[in-house]
Structure formats: structure tokens, C-alpha cells
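What follows is each chain in one-letter form.
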Amino acid sequence: MDPASTTKWIPGPERLDARVTGVDDVYVIGHFGIAHVDPATWRLRVGGDVATPLELDLPALRAMPAVDVPAVLECFGNPLEPGVFVRRAANVVWHGVPVAALLEAAGAAPSSALWATGSDAGVFAGTACTEYRKDVPLAVARERAVVALGMNGAPLTDEHGAPARFVVPGYFGTNNVKWLRELTVADRRPEHLFTTRLYQRTLPGDPGPQPVRDLDVTSVVTTPPDGARTGADVTVTGWAWGAHPVTSVEVAVDGRWRTAVLEPRGEHRTWQRFALDVTLAPGEHVLAARATDAAGRVQPADGARNAVHAVAVVADR
Ligand SMILES: Nc1nc2c(c(=O)[nH]1)N[C@H]1C(S)=C(S)[C@@H](COP(=O)(O)O)O[C@H]1N2
Ligand SMILES: [Mo]
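Residues numbered from 1 in each chain as written. Chains lettered and ligands numbered in written order. Predicted model: local features only at pLDDT ≥ 70, side-chain atom pairs only at ≥ 80, totals over all residues. Heavy atoms only, no water.

Peer 1: Got a sec to walk through the packing of aromatic side chains? Specific residues and values, please.
Peer 2: A complete count under the given rule lists eight aromatic pairs for this structure. Ring geometry for phenylalanine 76 versus phenylalanine 172: centroids 5.2 Å apart, planes at 80 degrees, classification edge-to-face. On the criterion of sequence distance, the pair formed by phenylalanine 76 in the loop between strand E5 (67-74) and strand E6 (89-98) and phenylalanine 172 in the loop between strand E13 (165-167) and strand E14 (180-186) is long-range, its members being 96 residues apart. Among the aromatic residues, those joined into a cluster by ring pairs are Phe32, Phe76, Phe124, Tyr132, Phe172, Phe194 and Tyr199. The lysine or arginine in question, arginine 290, covers the ring of tryptophan 257, its NZ or CZ lying 4.0 Å from the ring centre. (Phe/Tyr/Trp six-rings, centres within 6.5 Å; stacked < 30°, edge-to-face > 60°. Helix = DSSP H or I, 4+ residues; strand = E, 2+ residues; numbered from the N terminus. Lys NZ or Arg CZ within 6 Å of the ring centre and 35° of its normal.)

Now the structure itself:
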């Protein structure tokens, strides 16, 4: 990565045991570093293919009806090494204004795309950018995106995109544009480093490279932590998530897989708790978890960014 880009904090899986990740344990990524936006002069513009372009200041946005949306926030990974699983993930509660209300107020045309533009700019991967920009299908934005003003009951911090941030639950973190300054209704995808060049991949069956949007099926063991000394009786627990509900999680002790207890996902695109009680013989063991989702996707054993997560422990007698 370029020196300007910031990876401030990537907590280990053992820090992710809480259902709602504390703000201090939410990883921080900024391709051009961390922006500092003056909330007094900040405006959100809603434009492009709309009947009435909007320009809202912070009090105006705060005055609109808001919702609380728990959702997984996960980084796709280093866009220059898309096969490497960096395990930057969190589960947070966004507080914000539904994008549908903004589109309604602006009289958005029935177009195909919504562009979200951030206030940060700089050089990444040798390319100068005048903004950070993403695009998502307009229908998806209308269905579930929010302009978030808060995280976990507090206003957004600068690191996480203050004063306002675009959030699409169920999509990879890259789509959740921090320091949001503009939403643009359009009938095409924008040409940009972060839309059509990076954060693309070709999955089996795809006609060509596609933007990374839907979260992969993933699970992570949060207890016991890697390297732990345990007793004989151990509950292996962690979180499983993806764009689709996770329908089963298996836990392996030294390569022998058993079905874990898994909570259903519920209304929001959050992560789901799994747990399995196991009895370990004295000595070293490898504990692993593997999730399957409602679309039939299974975490691969290795060689993928969402490969099975394993921890090594030592059981005392
Ligand atoms: N404006 C802007 N938004 C951005 C980014 C960025 O560099 N600039 N990085 C994206 C990426 S790749 C991720 S994973 C998430 C990280 O959000 P966080 O730092 O709040 O965890 O922000 C996304 N939104
Ligand atoms: Mo990311």
C-alpha cells in the first residue's frame, strides 16, 4: 500500500467475541489516510438524475427520521492481493437516515446506479484520485442503504467517516463510503480506481470481473484464542456471517468435523453465534470452523480470502 493509506488497527479474532464490536476494536482503513471534515461547513449533496437536487447540512440530516441497523462491517482485503484473507471484520449498530428517504425527497429517476463520493483524496497504488468513489445498484441502495451518522450509539468518529457515511448492509466495507459528500443517481457505473479497477473479482460463473459487493460466507473462532492453554472441556465459539444467512457451521477438532449449534440470523445482516462443546485429550489440538450459507456457499479449506479459520491450542490434563 502507499504510505498515505492507513491501516490503523486490525484486532485479532479473540478481540471480536462481543456481539457488538466496541468502537475501539473496529478496524480502521483509509486509502488516503484519515480525513477530517469540518461539520459546520459540511454538506451532503444528492444529485445526478433527480428532479430536485438536495443540499443538506448536518442539522437538516439529523432532523430526518433515522433507523438503527446492526450489520457486519468487513474489509474485502488488500485490493492488490485479493486472495489474502486479512480478517478485518466487526459487527456494529449503525444509526442513520435511510437512503430511500433522500431519493424520495430528491425525486430520483428510476435509474440503475447510485454513486457515493467521499471527501478524501490522494494517491493510491500509483494513481492520483480527486475523491474516493463507489457505486451500487440503485435498487439495493433504496432497499437498505443508510447515510450513517452514528456507530454503536455514539456519533461517528473521524476514523470511521464523520460526520456521515454511506452504508450498505451485506456489502463489503469498501462500498461503505466514509466522509460522504455526495450521492449521485446515474444510469451507468463511474470509471474510477475504486469502482472499475480495484475491488473487482471474477467468481466461477461470472462473465468477467465484477465489483466486490456481497459478503462471502465466513466464520471465525473467537474462543478459545489461538495459542490458548485449555482444560479438557472446551466450548468452541465464534461468529459466522455473509450476504446470505448462514445455515450451518461445522467445527473440527484435529480435522474431524461436527455440526455446531448456530443461532438464526434474524431481521438484520448481522453475524451469527455458533458454539460446540468438545472434550480434548491432553496435548496439542487444531480447532477450526466452516460455515455454509443459504445459497449453498461453503468456506473453502484454503487458498481463498474467506478460507477456514483455525486456532491451535494446548489442553492440559
Ligand atoms: N472515503 C473513504 N471511504 C472508505 C474507504 C476509504 O479509503 N475512503 N475505505 C473503504 C474500505 S476498503 C473499508 S474496508 C471501510 C473501512 O471502514 P472502517 O475504517 O470504518 O472500518 O471503509 C471504506 N470506505
Ligand atoms: Mo477494505
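Additional details are given in the paragraphs that follow.
Peer 1: Hey, could you go over the layout of surface pockets for me, with residue numbers and the actual values?
Peer 2: Its volume calculated, the second largest pocket comes out at about 180 Å³. Together, 15 residues line the second largest pocket, and Val69, Glu143, Arg144, Val146 and Pro169 are the ones closest to its centre. When residues of the lining of the second largest pocket are traced back to their parent elements, those giving at least two are E5 and helix H3 (138-144). Among the elements that make up the lining of the second largest pocket, the one with the highest residue count is H3 (four residues). For the lining of the second largest pocket, a count of residues per class yields nine nonpolar, one polar and five charged. (1 Å grid on protein atoms, 1.4 Å probe; cavity = no way out; pocket = protein on both sides within 12 Å on 5 of 7 lines; lining within 4 Å. Points joined across faces, edges and corners; volume = space filled by probe spheres on them. Nonpolar A, V, L, I, M, F, W, Y, C, P; charged D, E, K, R; others polar.)

Peer 1: Could you give an account of the sheet that holds strand E19 (residues 233-241), naming the residues involved and the relevant values?
Peer 2: Read across the open sheet, the four strands follow the order E17-E19-E23-E22; overall the sheet is antiparallel. Strands with a single pairing partner mark the edges of an open sheet, and in this sheet they are strand E17 (218-223) and strand E22 (261-262). (Pairing = 2+ DSSP bridges.)

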